[in-house]
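# Architecture and fold: a report
One letter stands for each residue in the lines below.
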Amino acid sequence: MERILTVRNNTNKPDRPGPKNAEPVNEEPLTIEEIRSWAESFDKLMKKAKTLKSGWFYQKQSIFARLTELKLSVVQCPIFLPAGKVYICPRTRHIKSTAGRKVFREFLRSEYSEENMLFWLACEELKQEQSSEGVEEKARLIYEDYISILSPKEVSLDSRVREVINRNMVDPTPHTFDEAQLQIYTLMHRDSYPRFLNSQIYKKLIQQYS
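Conventions and cut-offs
- Residues numbered from 1 in each chain as written.
- Predicted model: local features only at pLDDT ≥ 70, side-chain atom pairs only at ≥ 80, totals over all residues.
- Heavy atoms only, no water.
- Helix = DSSP H or I, 4+ residues; strand = E, 2+ residues; numbered from the N terminus.
- Buried < 20%, exposed > 50% of the residue type's maximum accessible area, 1.4 Å probe, protein only.
- Polar contact = N/O pair within 3.5 Å; in protein donor to acceptor, adjacent residues only side chain to side chain.
- Core = buried A, V, L, I, M, F, W, Y, C linked by side-chain atoms within 4.5 Å.
- Contact = heavy atoms within 4.5 Å.
- Salt bridge = Lys/Arg side-chain N within 4 Å of Asp/Glu carboxyl O.
- Phe/Tyr/Trp six-rings, centres within 6.5 Å; stacked < 30°, edge-to-face > 60°.
- Expected span 1.5 Å × (residues − 1).
- Bend = angle between axes of the 7 residues up to and from the residue.

Turning next to the side chain of Gln181. Following the sequence through the fold, Gln181 ends up in helix α8 (residues 178–197). Given the relative accessible area of 5%, Gln181 is considered buried. In terms of polar contacts, Gln181 uses its side chain to reach the side chain of Glu124, at 2.8 Å.

Right, here's the structure in full:
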């Protein structure tokens with residue numbers, strides 16, 4: 001039996017909060033190097049991961065025993081300052097940083113186009129959903145909030161992509177909105193990103209952290 005997509009009119013309801021993973025906490029402090037990297041490419045502005053040096057760690061055991069435990073080679077961990085059985089080795093770690101997204105989202109809000117970022121983030125969250133029930137519910141909310149012509153947060157998509165979405169909504173998957181997400185990403189890249197780099201929001205950050 002063919003499923004029928006029901007779209008609710010949300011114009012009389014309060015706005016739903018943004019995606020759950022839109023504002024992670026406990027991030028590393030912002031640096032001038034990271035801020036300047038946003039001007040190198042839109043991908044660097046929107047990326048989520050970065051690698052940090054976090055100092056050194058000290059061990060009182062055999063160098064090679066410790067390397068074996070860590071599954072490292074001498075080439076991967078080349079700096080040693082042994083003193084008896086004590087040695088020092090650099091440690092790196094990967095953290096999640098969404099500072100660029102947050103600042104860009106603030107800029108989009110000033111231009112009354114924040115829905116583009118909210119839609120993109122909601123699509124990212126949908127891709128992480130594991131259960132079929134969760135996928136169906138998230139897909140329905142995304143459709144109601146950003147695709148439906150009844151929504152005040154409707155994003156700008158061409159008719160071809162809208163037709164693809166309507167077909168995909170018959171049986172939603174984590175990739176139901178992939179084409180639409182790419183179109184909005186491209187729109188932000190070509191239209192909003194150049195203005196962001198020339199905005200007072202970005203220039204003030206450069207001055208503040210320089």
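Counting 39 residues, the largest nonpolar core has Trp38, Phe104, Phe119, Ile165, Phe177, Met188 and Phe196 as its most contacted members. Counting residues per element, the ones that place at least two in this core are α2 (42–46), α4 (99–110), α5 (114–128), α6 (132–147), α7 (159–168), α8 and α9 (200–209). With eight residues, α5 is the largest single contributor of residues to this core. Beyond its immediate stretch of four places on either side in the chain, Phe177 contacts Phe119, Cys123, Leu126, Ala139, Ile142, Tyr143, Ile147, Ile165 and Met169.

Throughout the structure, instances matching the rule amount to 12 salt bridges. Residue Arg162 is joined to Glu154 by a salt bridge in which the shortest nitrogen-to-oxygen separation is 2.5 Å. Each of Arg105, Arg109 and Glu114 takes part in a single network of salt bridges with overlapping partners.

This next bit is on the packing of aromatic side chains. All chains considered together, the criterion is met by 11 aromatic pairs. Ring centres of Phe104 and Phe196 lie 5.4 Å apart, and the angle between their planes is 80°; this geometry places the pair in the edge-to-face category. On the criterion of sequence distance, the pair formed by Phe104 in helix α4 and Phe196 in helix α8 is long-range, its members being 92 residues apart. By the burial criterion, Phe104 is buried, and Phe196 matches it. Here the aromatic cluster, defined as three or more aromatic residues joined through ring pairs, consists of Trp38, Phe42, Phe104, Phe107, Trp120, Tyr185, Tyr193, Phe196 and Tyr202.

Since there are 3.6 residues in each turn of an α-helix, residues three or four apart along the chain are aligned in direction. With 20 residues, α8 should cover 28 Å at 1.5 Å per step; its first-to-last C-alpha distance of 27 Å lies within 8% of that length. At Asp191, α8 shows its strongest bend, of approximately 35°, with the proline Pro194 following within four residues. Within α8, the full set of buried residues consists of Ala180, Gln181, Ile184, Tyr185, Met188, Ser192, Tyr193 and Phe196.

Here α5 is 15 residues long and its end C-alpha atoms lie 22 Å apart, about the 21 Å a rise of 1.5 Å per residue gives. Of all the 15 residues making up α5, 12 are buried; the element is thus mostly covered by neighbouring parts of the structure.

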